[in-house]
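# A structural walkthrough
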Amino acid sequence: MASSKEKETLQNAAGQLRLIKHFKAHSPDDQTAGWSNLWDTDSSNLWDRGMPSPALIDLIEERSNPLTEDGKRQKALVPGCGKGYDVVMLALHGFEVYGLEVSETGASVAREYARTELRNPQNYNFGSHFKENPEVGKGEVTILQGDFFKRDWEGGMQFDLIYDYTFLCALHPNMRRQWAGRMADLLAPGGQLVCLEFPLFKDPKMLGPPWGLKGVHWDLLAEGGDGLVSGDVGEDVKGEQKGAFERLLYLKPERSYANGKGTDMLSVWSKKST
């Protein structure tokens, strides 16, 4: 009889194969319709993790302040927010948070989750370093329906914190340069782009989603490349980086999702001053 871990591994593999087969039927220019269809057919279990990111929780509790120097809440964005786990967690830590979903069905699910979870938060929203501060309190949650690559949803907003976990790996590789450009547009001066780099165990040449991202973040953000790497490219941290971002932090998180197979890395980026 298979163990629970073996069953989970088999389920994850079956889900990935289903995603790959689903998106083979969609052109690189038709990814939005593909994700919307999965939401509309109640297939979010193919990517849903059931809880906020432990790695992000630990980073926020150990290193981040939800308030600006003048006492205002920092604005955070989670594109491709799914059911809204990370959105709500950030709000519970004091940020003003915007979640973005391309599907109206997905956005409705996230709004309902936020409504119930903010009222009665579960313990998985907090780590061992959490300290409740009455002066900070909860931030507000806004769930938006829109296409990340279009400009009809942000209303000119820029964000102090943007979090990406499974958004980049869900995109067709041909869209990676656009992803980096939009991140640069949306990140406020002095803001931070936080990436939980996943999957790093998967060969970037293999079909996705999820698409393997080993070496992709560095190529896109530090080198200013197109992100179409083989995974064998090293990081020349001492050389001249021509990208729009500089990496502030790069570490292996003590806690992350089991799906990362122990290979997830957490990177934090800021825009270079011009």
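Residues numbered from 1 in each chain as written. Predicted model: local features only at pLDDT ≥ 70, side-chain atom pairs only at ≥ 80, totals over all residues. Heavy atoms only, no water.

- For the protein, an unreviewed UniProt entry supplies the name S-adenosyl-L-methionine-dependent methyltransferase and the organism Aspergillus novoparasiticus.

## Structural notes on the side chain of Ser103
- One can find Ser103 in the loop between strand E2 (96-101) and helix H5 (104-119).
- Among the polar contacts made by the side chain of Ser103, one reaches the main-chain amide nitrogen of Thr105 at a distance of 3.1 Å.
- Among the polar contacts listed, one links the side chain of Ser103 to the backbone nitrogen of Gly106, at a separation of 3.1 Å. (Helix = DSSP H or I, 4+ residues; strand = E, 2+ residues; numbered from the N terminus. Polar contact = N/O pair within 3.5 Å; in protein donor to acceptor, adjacent residues only side chain to side chain.)

## Some details on the packing of aromatic side chains
- Under the defined criterion, the tally for this structure stands at nine aromatic pairs.
- Measuring from ring centre to ring centre gives 5.0 Å for Phe148 and Phe167, while their planes differ by 75°; the resulting arrangement is edge-to-face. On the criterion of sequence distance, the pair formed by Phe148 in the loop between strand E3 (141-145) and strand E4 (159-164) and Phe167 in the loop between E4 and helix H6 (176-186) is long-range, its members being 19 residues apart.
- By relative accessible area, Phe148 is classed as buried at 3%.
- Look at Phe167 and you get buried, because its relative accessible area is 13%.
- Aromatic pair Phe198 and Phe201: ring centres 6.1 Å apart, planes at 65°, arrangement edge-to-face.
- On the basis of relative accessible area, Phe198 is assigned to the buried category, the value being 3%.
- Each member of the aromatic cluster is reached from another via a ring pair, and the members are Tyr165, Phe198, Phe201 and Tyr257.
- The side chain of Arg49 reaches across the aromatic face of Tyr257, ending 5.9 Å from its centre.
- In this structure, Arg247 packs its charged tip against the face of Tyr250, placed 3.9 Å from the ring centre. (Phe/Tyr/Trp six-rings, centres within 6.5 Å; stacked < 30°, edge-to-face > 60°. Buried < 20%, exposed > 50% of the residue type's maximum accessible area, 1.4 Å probe, protein only. Lys NZ or Arg CZ within 6 Å of the ring centre and 35° of its normal.)

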